[in-house]
Amino acid sequence: MKHDSRLAHFPLTREQQVFVTVWFNMTHAYSLDSHRVRVMHALNILEELLRVTSYAHAKAEDRAMIGKEAIGILNAEAVLLRVRFAAPTKVMLALLEKAYGQNAEKGGADKLAALLDSHLREYTALLSAHYLNELFDGLQAALLEPDVGSEQQRFNEIRSITGALLSYLLARGQSLEGLFQMYRQVLVPVKPPAKPYVFAQRFDLLRRIVLSPITSWLAYFAIDGITDVAAFPDHIGGIRFVRELPPEVAELRKMNGRPRRLFATGKIQAVDMRAAGQLLHEQINRVFDLVRFEYDHANISVSDDFAVCRAGGGVWRVLPIPKVVPNPRAAVTGEELHLFADNVSRLVTGERFSQEGRDRVLSAFRLYRTGADTTNFENKLVNWWTGLEQLAKGAGGTG
């Protein structure tokens, strides 16, 4: 767990300190807690269950696995104890227990399929309409109007609701970097505020930012390595390619013109500018997957930095695309690196290690490096998963 020493300079109650500390640790790229943010929360686990149960080819064990996870999440989330959700959640849990619980009878899920489907649709509609607002209402009550329950209960409630909120926001398209910037700029500002710090005002600002509607953004990425800039098409797949930037963009850092450089631009709907950059970056890379295959075989690269502004006008900013995969990074000394390399060397050169085993270990390291270097999350997953398979699959075995 990481600690922000600046918290001592802000007038926060113990409940408020717990909240900002949880937010800090769950969004800090190198915190152990950042990879514990749940991928699934109450809403999207039930959407997943609905989706899987609608597939005729879905296996019973796959549905049961998701059903059991849904039971665990619905039992754990403190926000579902709030008045709006309490009674419907109790009914939903009772049905899920009958279908997928530990004491579920054999074939119970099939017998209850129609009833379960109806309740799932009704309950997910309720969550879709009110989940985010109830998360903020629950936090507001816990942080600004704490009840008389035990301190540990209050802290656990804050941790649960904050974790569910971050999970929901990540699933909606926001990035860890963007959520961490909310901590640095809104909750615990890096620059001293001009007016006295009041947590209630900061929390209200956070709520307004998160609840603001999805916005249209305009972004530019630099594209390097084009063989013939003059002959390159102006439009491909909804992405526009330009040779010169508007003056207000051209003067920004990392947006200067170069030989064999074009700029790709497009409008994108997203929750914030970082999410917009990530979405447009993925679209541009999909276009260049085809371009390199059919048209230009040069080593074309898309910049990691982009210029972005609201489509309706405003201030231009240059930002890096979100690329953090929550995974704590350890600082390794030169001595430790030498010891690690020595151990690997002994492992792959030992007489008891087969040539195939050596190749697998070295291939796994190469795939890990390739995945770490790419900014595309799908490519990271493919490379890292293949690396794990290389280590796990024995001679003549299966993955």
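Please read these numbers as outputs of a predicted model, since none were measured by experiment.

## Quick notes on the overall build of the chain
1) Next: Scanning the chain from terminus to terminus reveals 14 helices and six strands.
2) Next: The principal-axis extent of the C-alpha atoms belonging to the chain is close to 65 × 65 × 50 Å.
3) Next: In the chain, buried positions account for 44% of the 399 residues.
4) Next: In the chain, 69% of the contacts between residues at least 6 apart in sequence involve partners at least 24 apart.
5) Next: When the accessible surface of the chain is totalled, it reaches about 22,400 Å², and 55% of it is carbon and sulfur.
6) Next: Computed over 48 positive and 44 negative side-chain charges, the separation of the two mean positions in the chain equals 2 Å.

## Details of the sheet that holds strand β6 (residues 317-320)
1) Next: Strand order in the open sheet formed by six strands is β2-β3-β4-β1-β5-β6, and the pairing between neighbours is antiparallel. Looking at the sheet topology across the chains shown, the edges are occupied by β2 (235-236) and β6.
2) Next: Two strands pair when backbone bridges link them, and strand β1 (residues 215-224) and strand β4 (residues 261-270) are joined in this way by ten bridges, in the antiparallel orientation. Bridge pairing in β4 links F221 to A264.

## Thoughts on the packing of helix α4 (residues 83-100) against helix α6 (residues 113-144)
1) Next: Close contact between α4 and α6 brings their axes to 10 Å; oriented N to C, the two are set at 145 degrees. Remark: the crossing between α4 and α6 carries left-handed chirality. Two secondary-structure elements touch here, α4 through R84, F85, P88, T89, V91, M92, L95, L96, A99 and Y100 and α6 through L115, L116, H119, L120, Y123, L126, L127, H130, Y131 and E134.
2) Next: Along the lines of polarity and charge, the residues of the contact of α4 with α6 split into 15 nonpolar, three polar and two charged.

Reading the values: the criteria
Residues numbered from 1 in each chain as written. Predicted model: local features only at pLDDT ≥ 70, side-chain atom pairs only at ≥ 80, totals over all residues. Heavy atoms only, no water. Helix = DSSP H or I, 4+ residues; strand = E, 2+ residues; numbered from the N terminus. Buried < 20%, exposed > 50% of the residue type's maximum accessible area, 1.4 Å probe, protein only. Contact = heavy atoms within 4.5 Å. Areas by Shrake-Rupley, 256 points an atom, 1.4 Å probe, with all protein chains shown as cover. Lys, Arg positive; Asp, Glu negative; His and termini not counted. Charge placed at Lys NZ, Arg CZ, Asp CG, Glu CD. Pairing = 2+ DSSP bridges. Axes fitted to C-alpha atoms, helices over the stretch in contact; angles between N-to-C directions. Left-handed = near helix turned anticlockwise from the far one by under 90°. Nonpolar A, V, L, I, M, F, W, Y, C, P; charged D, E, K, R; others polar.

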